[in-house]
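Commentary on secondary and tertiary structure
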Amino acid sequence: MLRLPLLAAPGTPPFLFTFLLATVKLYPAARDLLFIFILNKSAVFTPSMSRAHAESVIKNIIREIAQQCASKGDAVSETLVAFMVKAVVLDPDNLFNVDRTLTKQDVQKLIELCVGKLLEKESPSLDTIKMQVFFDMNYTSRREFVEEHQKVLQARLLPLCREITDSRAKTREDLEGLYDKIISYVLLRSGLGSATHITARETTAALESVFPQVELATFMSLLKKDKEQQLNELTMIVTGILLFNKDSGKGGEGIEDLPAILNEALPAASRDIENELEGTQKLAWQYTALLESLTGSDIDSAVHPNLIKKALYNVRQHEAFLKLLLADVILCAKQVEILQTELTARMAMLKAIVHTNTVVPTSQVFPHFTVVAKLWAGLQDEVLLLSTLNNMVVSLRPYLSAQAHLLGAGPLQQLLEGITIKTDLERLTESGEDRIDPVEMKSCEWFLPETTANIDKLPLQYRGVCGYTLIKKDGLLLPGNPNIGVLKHKEKFYSFSSRQAAFEFASKADEYIELVAERAKKSPELIQLLELHQQFASVTPYSQMQSGERLLVKPITKSDSSTQTDTHLLESNIVKSYEWNEWELRRKAIKLANLRGKVTRSMQTNLSHMRRHNTTQTFLPKDAACQTKRDGHSNVPKPQVYLAGLRGGETTTTHMTKVNLTRAVDE
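Here's a quick rundown of the structure. (Residues numbered from 1 in each chain as written. Predicted model: local features only at pLDDT ≥ 70, side-chain atom pairs only at ≥ 80, totals over all residues. Heavy atoms only, no water.)

A closer look at the overall build of the chain
Regarding its fold elements, the chain presents 22 helices and nine strands. Here the chain holds 667 residues, and 41% of them are scored as buried. Contacts in the chain between residues far apart in sequence, at least 24 positions, make up 71% of those at least 6 positions apart. For the chain, the accessible area works out to roughly 39300 Å², and carbon and sulfur atoms hold 53% of it. (Helix = DSSP H or I, 4+ residues; strand = E, 2+ residues; numbered from the N terminus. Buried < 20%, exposed > 50% of the residue type's maximum accessible area, 1.4 Å probe, protein only. Contact = heavy atoms within 4.5 Å. Areas by Shrake-Rupley, 256 points an atom, 1.4 Å probe, with all protein chains shown as cover.)

Description of the sheet that holds strand β3 (residues 445–447)
Ordered by their spatial adjacency, three strands build an open sheet running β3-β4-β5, and the pairing between neighbours is antiparallel. Lying at the two open borders of the sheet, with one neighbouring strand each, are β3 and β5 (492–494). Neighbour-to-neighbour, the strand axes of the sheet open up by a mean angle of 35°, direction not taken into account. Here strand β4 (residues 486–489) pairs with β5 via three bridges, running antiparallel. By the bridge assignment, Leu 487 is partnered in β5 with Tyr 494. (Pairing = 2+ DSSP bridges. Axes fitted to C-alpha atoms, helices over the stretch in contact; angles between N-to-C directions.)

Brief notes about unusual backbone geometry
Even without glycine at this site, Tyr 462 takes up a positive phi of about 60°. By secondary structure assignment, the location of Tyr 462 is in the loop between β3 and α17 (467–472). On the accessibility criterion, Tyr 462 (1% relative accessible area) is buried. A positive phi angle is found at Glu 491, which is not glycine, with a value near 65°. The residue Glu 491 is located in the loop between β4 and β5 in this model. Owing to a relative accessible area of 56%, Glu 491 belongs among the exposed residues under this scheme.

Quick look at helix α6 (residues 142–165)
Taking 1.5 Å of rise per residue, 24 residues should cover 34 Å, and α6 covers 32 Å from first to last C-alpha, within 8% of that figure. Taken as a whole, α6 carries its principal kink of about 45° at Leu 158; the proline Pro 159 stands between one and four residues after it. Buried within α6 are the following residues: Phe 145, Leu 153, Leu 157, Leu 160, Cys 161, Ile 164 and Thr 165. Residues of α6 that are buried in the fold lie against α7 (172–190), α9 (216–220), α10 (224–247) and α13 (362–396). (Expected span 1.5 Å × (residues − 1). Bend = angle between axes of the 7 residues up to and from the residue.)

Focus: helix α22 (residues 582–595)
Taking 1.5 Å of rise per residue, 14 residues should cover 20 Å, and α22 covers 20 Å from first to last C-alpha, within 8% of that figure. Regarding α22, its N-cap is Asn 581, as a side-chain oxygen of that residue lies 2.9 Å from the backbone nitrogen of Trp 583 further along. (Polar contact = N/O pair within 3.5 Å; in protein donor to acceptor, adjacent residues only side chain to side chain.)

What to know about the pairing of β4
Bridge analysis of β3 against β4 gives three bridges, and the strand direction is antiparallel. By the bridge assignment for β4, Glu 445 is matched with Lys 488.

Topic: the nonpolar core
Among the nonpolar cores identified, the biggest contains 66 residues, and Ile 182 and Leu 325 are the most heavily contacted of them. In contact with Ile 182, other than residues within four places in its own chain, are Ile 164, Leu 207, Phe 211, Leu 216, Phe 219 and Leu 231. Listed in part, the 45 residues of the second largest apolar core include Leu 291, Val 465, Tyr 468 and Ala 520. (Core = buried A, V, L, I, M, F, W, Y, C linked by side-chain atoms within 4.5 Å.)

Side note on the side chain of Arg 427
Along the chain, Arg 427 falls in helix α16 (residues 424–431). Not counting the four nearest positions on each side in its chain, Arg 427 is found in contact with Thr 288, Ala 289, Glu 292, Lys 422 and Leu 478.

Concerning the environment of Ile 471
Here Ile 471 lies in helix α17. Between the C-alpha atom of Ile 471 and that of Glu 518, which follows or precedes it by 47 residues, the distance is 9.9 Å. The residues touching Ile 471, leaving out its near neighbours within four places in the chain, are Tyr 512, Leu 515, Val 516 and Arg 519.

Observations concerning the packing of aromatic side chains
Within a pair of aromatic rings, the relevant descriptors are the distance that separates the centres and the angle that separates the planes. Using the criterion set out here, one finds 15 aromatic pairs in the structure. Here Phe 496 and Phe 505 contribute two aromatic rings whose centre-to-centre distance is 5.1 Å and whose plane-to-plane angle is 50°, an arrangement assigned as tilted. By the burial criterion, Phe 496 is buried, and Phe 505 matches it. An aromatic cluster is built from Trp 446, Tyr 462, Tyr 468, Tyr 494, Phe 496, Phe 503, Phe 505 and Tyr 512, whose rings are joined through pairwise contacts. Between Lys 227 and the ring centre of Phe 219, over which it is positioned, the NZ or CZ distance is 6.0 Å. (Phe/Tyr/Trp six-rings, centres within 6.5 Å; stacked < 30°, edge-to-face > 60°. Lys NZ or Arg CZ within 6 Å of the ring centre and 35° of its normal.)

As for a nonpolar patch on the surface
A cluster of nonpolar side chains, Val 641, Leu 643, Leu 646 and Met 656, forms an exposed patch at the surface whose accessible area comes to about 360 Å². A relative accessible area of 59% places Leu 646 in the exposed class. (Patch = residues over 30% accessible without salt bridge, like charges linked within 9 Å, V, L, I, M, F, W, Y side chains within 5 Å. Salt bridge = Lys/Arg side-chain N within 4 Å of Asp/Glu carboxyl O.)

Here we look at the pattern of salt bridges
Evaluated as defined, the whole model comprises 24 salt bridges. Glu 584 is the partner of Arg 587 in a salt bridge, and the nearest nitrogen-oxygen pair spans 2.7 Å. Taken as a pair, Arg 587 and Glu 584 lie in helix α22 at a separation of three residues, close to a single helical turn. Linked through salt bridges whose partners overlap, the residues forming this network are Arg 316, Glu 319, Lys 323 and Asp 424.

Here it is as C-alpha cells:
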C-alpha cells in the first residue's frame, strides 16, 4: 500500500498546503486530514465546498492528466500522476500564485506541466520517481507479506470450505463426494499438490488413518466454526504425516524438497543482488567524482552537470533499494536456517517415537505432526518471499535505462579521464581522523565514537548524506562520516563529510535544514532518497515504515559512574499465606467449599477435663438403601373331603360314600 511523502514543507502558504492535502487524500495515510479546498462552479478552489466534492475534483484532475498521457501513447498510473501533481505545485520555478485561489487557467497550467513532465523521454529524474512509486506500491515487510499470503490463500479456499461446512449430505454418494472435497481441501491448504497430483493417493490414505469416512456423520453434526477448526487440524496432521513419510523414504515422491531448493536459491539471490549493487555503487562513485571535478570549475563538459546530478540521484536511489532487498534476503536465509534446524530435530523425535514402539498413541505423535506442518509452511512462505524479492530486483532495472543511455560506458570513461574516483569507504577513511572537538562549539551537542556506544545505529538525517555539501555544492550527494562527530539538533542527528562542513552546518543548522527542504522542492526525488518525510509531512513511504522503530533509538553515551545503596531500606514483610500459583488457590477454594457441607463435633471426658480442648471431625453416616426382589404370594382353596360309611352303622347302602366339602377361596 502506498504512502507517498510529498506534501508541503514548513512555511508553505496556507492555500498551497490545503491543495496538497487534497491530492494526498488519495492515500490511506492521509485520510485523517481535516480540511480541503475545492473547485466551485467557476473552477476556483474555495474552502466552502464539501470534502467529498474536493476529492472528486482532485481525482478528476488526476484522471484528466492520465488520459492525456494515454492519448499520447504513454500509459501512467494515477498514483504516479498524483505524485507529479504535488511535485509540480511545490516547485517554486513553476510560479503558482498562492495569494489567490486557483483559477481555470491555473488548473490548465498545472495539467500541462504535469503531462509534460510525465512524457519526458530519457529523463533520469522521472525514472527515479517511477522507481520510488513502484517500490512503495510493491514492497512489504516480512510480517505483512505472510499475512497477505494467508489472506489470499483463505480467499481461494473459501468456496471449497463453504461447500464442506454447509453440506447436508445424506446418501452414500453425497458422503463420498463430501470426503473427496475434504481431501481436495487438505491438498490445497497444505500446498503439497492438487486433486490430480501424484500425492493425492497418499493424502487419501493418510486422511483415512486419521479421519475415516465413518466419522463423517459426527463431523456433520458439528457447528460451522468447529468444522472449520477440525478441517485445519486435519490438514496439519495429514501434512505432517506426508512429510514424515517423505523423510523416512516411504512416500512423498511429488513433494518438492524445499530445504534443498532454498539452500541453492538463497546464495544465488544474494550473489545476484551483491553483483548488481556493486555495479550501481561503481556508477555512483563515478558520477560523484565527475560532479566534484565540474563543481566550481570553468571546464566545459559534453554533458550538463544537472543531468549528471539526476543520474547520481537515480543510482543512489537504486543502491538504497538494493541494500534494503539484500537485507531481507539475508534475514530470509537466517530464518530458513532456523526452520531447517527445528524441522530436522522434530523429524528425529518422530522417528524415535515411531520406530521404538509397536503401537503409538495419537496423543504422542499428532502434536509433532502439527509442528512439522507449521515448520514446512514457514519454508513455503520463505520460498514465496524470496521469489518476490528476486522479482523486485529484476523490476527495478528498467528504471536505470535513461541514465545508462545518456551516459554510456564510452562517453562516461572519456569524461572521467584524469579524475580520481574514490569509493565511499575511501572517503570515510580519509575524513575519519579529522574529528570534532566539542569544546570548540559548546552550544551544540555532539556525539563521538569514544563516548557513544551505538553511534553506528543512530537514525541519521538525509540517509547519512552531508546536508552542508548538498547545499554548497549545488545538490552533490556525499556520504557523511559519523566518526567525525554526529550533531544532535532538535532531537535529530546529522553527519557530515568533513570537519569544516560540521562546523558550518552547526552554526546555522535551521537555515541549512530549510535550504535542504527548498532544494528537495526543485528535485522531488530527493524527498524519498534523503528521507525528508518528517520535514514535509507525516506521510511516509511504505518502504520506510519498518524502520520507524529505529527513530526511537537514542545515543548510548559512555562514562564512568558508581553507585552505592543502603542494605535493606525497607523492613522485610513476608506474607506466609501468599500463593502465586492459581491452581493452589483453586485447591484451597475447593477445600473450603467442601468443609461447608461437613459437621464438626467435639467431646470431653473426665480425664481430659481442665487439660486441653480436643476437637475431632467426623463424617456422619449417610442413609443408604438398596432394592431387592419383591415378595410375592398366592392363595389356593383348602381341600376338604368327607367319607361316609367308614365306621359301619346303619346305611342303606353297602359301600362307602365320598363327599367333597372344599370351599372356594372367595367364600
